Number of protein chains: 2
Amino acid sequence: MTAVVPRRGVVAALQAALGTAVLSGPDIPARNEKDWSTLPPLRPLALVRPSNPEGVAQAMRICVEHGIAVVPQGGLTGLAGGARPVEGSVVLSLEQLVGVEEIDIHSATMTVRAGTPLEVVQRAADDAGFFFALDLGARGSCSVGGNLSTNAGGNRVIRYGMMRELVLGLEAVLSDGTLVTSLNKMLKNNAGYDWKQLFIGSEGTLGVVTRIVLRLHPKPACTMAALCGLADYDAVLALLGGARRGLGPMLSAFEVMWPDYWEIATRRVKNVRDPLSSAHPFYVLVEAQGSSEEDDPERFQTWLERQAEASIITDAAVARSVADVQAFWATRDAAAEFRQVVGPHSSFDIGLPVGSMDAYAIECRATLVSQIPGCRALFYGHIADGNMHIITFVPDAEEQPHAKIDDVVYRLVQKHGGTISAEHGIGLLKKPYLELTRTPAELALMQRIKKALDPVGLVNPGKVLD
Amino acid sequence: MTAVVPRRGVVAALQAALGTAVLSGPDIPARNEKDWSTLPPLRPLALVRPSNPEGVAQAMRICVEHGIAVVPQGGLTGLAGGARPVEGSVVLSLEQLVGVEEIDIHSATMTVRAGTPLEVVQRAADDAGFFFALDLGARGSCSVGGNLSTNAGGNRVIRYGMMRELVLGLEAVLSDGTLVTSLNKMLKNNAGYDWKQLFIGSEGTLGVVTRIVLRLHPKPACTMAALCGLADYDAVLALLGGARRGLGPMLSAFEVMWPDYWEIATRRVKNVRDPLSSAHPFYVLVEAQGSSEEDDPERFQTWLERQAEASIITDAAVARSVADVQAFWATRDAAAEFRQVVGPHSSFDIGLPVGSMDAYAIECRATLVSQIPGCRALFYGHIADGNMHIITFVPDAEEQPHAKIDDVVYRLVQKHGGTISAEHGIGLLKKPYLELTRTPAELALMQRIKKALDPVGLVNPGKVLD
């Protein structure tokens, strides 16, 4: 196959079939040439934006017939490069495949098109008297199809699970252009292989998701939150155990912030303030969602007092209003503003067994500073989920030693039995490190799955696996 | 390949490698020749009971080298024939691969060998101050490996999910004898494909599970239950909506029983009594698990009173003790005794959208009686999960018209957008009906997955798919 003829051919064939849904050359918007990762933009052969599932299937068939790679795109908020175009590819964007098709109040489900932004889904659920539990910072831009493809996590995984637990039915286009539809609404369906699981978290490398049946939850009646100061990591673990037992399924978030992170978040990020009166070795944001406005806030307060009486927490501020809850979360969401305050840096999304988190942090900080003089590391994360984020930077260095830092961070993850990606995925950027926390047998099995679903290797090639 | 030589060869080779773990001929216990399905027993070439994962891998390699099919067995409590030996196969039983390897209290996980009985896991969790949420009638006999392979559901899916949601890490032997190990303890791990999902619910047709990391939950402090009488199915749906909103995540079970079922359960099954004073068109067992013995029982009571004030429930009995809770569950568990009271019958495990359940029941009952004079159908199930069970029988007929009944039941499931198996799996018995609720594209995709993981077709052949 020579490159030029089929490439010209593919754009013409796509235009003939899909008309104005196809853009090429300078008509392709700059935003579709990259995602939120640090990779430079790359212009694809064409951008296709079908407005129905059949259009997605048609585009896939045409590309496969021409031997052209397809890169699926959702809201483009991925941080690992999973949605970035590859050389000589057609980008298949779901941005026009939007809208809520149905809410079934008895089954507590929503059927939605894959390009629909997360925030639209959240609002539609709310309007219908339900709660869609997935939430993350990019809610206004990211799409539910992208959330599915990356198995997004976010803030309330401890209570509601990741995207995987929120998906009941799926429609997807396979690599040969077959549209497979299974818009299941039942919590239980064990009739044959649950093939939809393959498409969840595989970053668009096995096919393209077109429609999803989402699981809805009851709307919480109230949200309680406390910001606690603790003396050491043992106290953090004791508080987590106490929260699991005492708050039970009300517990909706357990966010831990190490002091280096806390200092920058509360002193240097605009509009973020420290709700506590003194400094502590650890800070924990505990959130619970209740189903009774009359009972649950008091119950949360009583639980918190018991933690203080047991000397598990040293200090705590309790939210008295929705504004307080938001102010507490601001300390945690401040991470998004760190580019402004610390300048160029690396950021990480790793997983570790809960009990090993602080041992990891101590070793990682020490190793970084010994190998890279002046290097700083800030730790925070969804600890109850085994998910830690890290921001590292060498102050005042325009050129950050990314590769060297990656190496330290990921090798220590391997040593402590963790994962190099808890919720952001692998994409292009983390592929070199995948073998650190996956065995050769696992990688071979993943390759076998890829080969079975995409034998020619045209679906989002080079992402996740080589 | 002729049959005799390799068969003889395989038993000798297995015995040479695994010694006394291998039994053949009349040494094979009768229990391993069948499962709880209605299929007749069949003696395999050999029974292998390895006591470690390497033994399982070794047995698989030897069988594959000899071109001999392998049938994995757990606790043998499956109802669909998934663990029944096939002609000329070696049975690979996990019954000696037992024991809890580790409980990580901070990650709230248990690492366990696949043959361990569910009840042993539940007790070990309890002893460590945790709760393992999966529960089903066969708890004393079924194994967690079998629970995983069938993606078992049971009574508390609405709150804790099915087995799939309770599995964090997995070790399995592939069809070529490779041992793949990923004993992940993190709730979040998006580093590459989550291959373990393939082994959950595929009924041992893609490989053999050897070790599992289970997710543990906090131990509930108290259990509340009520048995309610309701006037119609709209009231059942209103009560479900009210329970979701009012009890929030405390809601742990919502079991509906239609009156034909109720009458037999409470009047003809030994040691089961009707806690209500009069007859009703619907009976609902609502269960909630609380995290505070002081507050939650009162809260449950208040919630229930509101349902009565809103005329959603006509009558209700509230459990005052653990014995009461058990007595309420006895009305639901009575189903297991129906063979004694109604004689030969068919039983079904179907899924339907929640709103369509009663319409299905009405149509199914009418169609059965019109096509099979005298045929009775009793409906009950985990309605909130979209899961209904049916018991059908023609009174006093020794020979039940199974095929005719199956046909009516499953064709109506198709019509109402349901699934032919909610939690029992497909095995051998339901394979003929799989195409009713799975599309040709889905079945082709399942075949592609089977082919990728088991290219020679030696792992539990003929189960789930042809």
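If you're wondering where the values come from, they're calculated on a predicted model, not measured in any experiment.

Student: So what exactly am I meant to see when it comes to the relation of the copies chain B and chain A here?
Tutor: In this structure, two copies of a chain are linked by a rotation about an axis accompanied by a shift along it. Superposing chain B onto chain A takes a rotation of 180° plus a shift of 0.0 Å along the axis, which leaves an RMSD of 0.0 Å. On this basis, the relationship between the two copies can be described by a two-fold rotation axis. In this assembly the copies share their binding face: 99% of the residues contributing to the interface of chain B also contribute to that of chain A.

Student: Whenever I open this one, the sheet that holds strand S15 (residues 315-318) of chain B confuses me. Can you help?
Tutor: Across a sheet, paired strands are connected by hydrogen bonds in the backbone, their directions being either parallel or antiparallel. Residues and elements named next belong to chain B. Pairing is antiparallel across the open sheet formed by seven strands, whose spatial order is S15-S12-S14-S13-S17-S18-S16. Here the strands that pair on one side only, and so sit at the sheet edges, are S15 and strand S16 (346-351). Strand after strand, the sheet turns through a mean of 15° between neighbouring axes, direction not considered. One ladder, built from six bridges, connects S16 with strand S18 (residues 387-393); its direction is antiparallel.

Student: Can you walk me through the domain arrangement of chain A in this structure?
Tutor: Think of interface size as the accessible area that goes away when the parts come together; that is how it is often given. All names here are of chain A. On domain assignment, one finds that chain A holds domain 1 (4-96), domain 2 (100-218), domain 3 (222-336) and domain 4 (343-423). Relative to domain 4, the C-alpha centre of domain 2 lies at a distance of 31 Å. Across the domain 2 to domain 4 interface the summed buried area is about 420 Å²; carbon plus sulfur atoms make up 47%. Where domain 2 packs against domain 4, one counts two residue pairs in polar contact (both at pLDDT 80 or more). Residues of the side of domain 2 that touches domain 4, tallied by class, amount to three nonpolar, four polar and no charged.

Student: Please clarify how the pairing of strand S4 (residues 90-93) of chain A should be interpreted in this entry.
Tutor: Taken residue by residue, a regular strand's side chains alternate between the two faces of the sheet. Residues and elements named next belong to chain A. A two-sided burial pattern is seen for S4, the buried positions comprising Val-90 and Leu-92 on one face and Val-91 and Ser-93 on the other. Here strand S2 (residues 46-48) pairs with S4 via three bridges, running parallel. Bridge pairing links Leu-47 to Val-91 in S4. As paired elements, strand S3 (residues 70-73) and S4 share four bridges and run parallel to each other. Its bridge partner being in S4, Pro-72 is matched across the sheet by Leu-92.

Student: Help me understand empty space enclosed by the protein in this model?
Tutor: To find the voids left in a structure, one rolls a probe of water-molecule size over its atoms. Evaluated as defined, the whole model comprises nine cavities of 30 Å³ or more. Here the second largest cavity is characterised by a volume of approximately 150 Å³. Contributing to the lining of the second largest cavity are 19 residues, with Asp194(A), Gln197(A), Leu198(A), Gln197(B) and Leu198(B) lying nearest its centre. Looking at the lining of the second largest cavity, the elements with two or more residues in it are helix H6 (196-199) of chain A together with helix H6 (196-199) of chain B. A per-class count over the lining of the second largest cavity returns eleven nonpolar, five polar and three charged.

About the cut-offs
Residues numbered from 1 in each chain as written. Chains lettered and ligands numbered in written order. Predicted model: local features only at pLDDT ≥ 70, side-chain atom pairs only at ≥ 80, totals over all residues. Heavy atoms only, no water. Least-squares fit on C-alpha atoms with pLDDT ≥ 70 in both. Contact = heavy atoms within 4.5 Å. Pairing = 2+ DSSP bridges. Helix = DSSP H or I, 4+ residues; strand = E, 2+ residues; numbered from the N terminus. Axes fitted to C-alpha atoms, helices over the stretch in contact; angles between N-to-C directions. Domains from an automatic or database assignment. Buried area = accessible area lost by both parts, 1.4 Å probe. Polar contact = N/O pair within 3.5 Å; in protein donor to acceptor, adjacent residues only side chain to side chain. Nonpolar A, V, L, I, M, F, W, Y, C, P; charged D, E, K, R; others polar. Buried < 20%, exposed > 50% of the residue type's maximum accessible area, 1.4 Å probe, protein only. 1 Å grid on protein atoms, 1.4 Å probe; cavity = no way out; pocket = protein on both sides within 12 Å on 5 of 7 lines; lining within 4 Å. Points joined across faces, edges and corners; volume = space filled by probe spheres on them.

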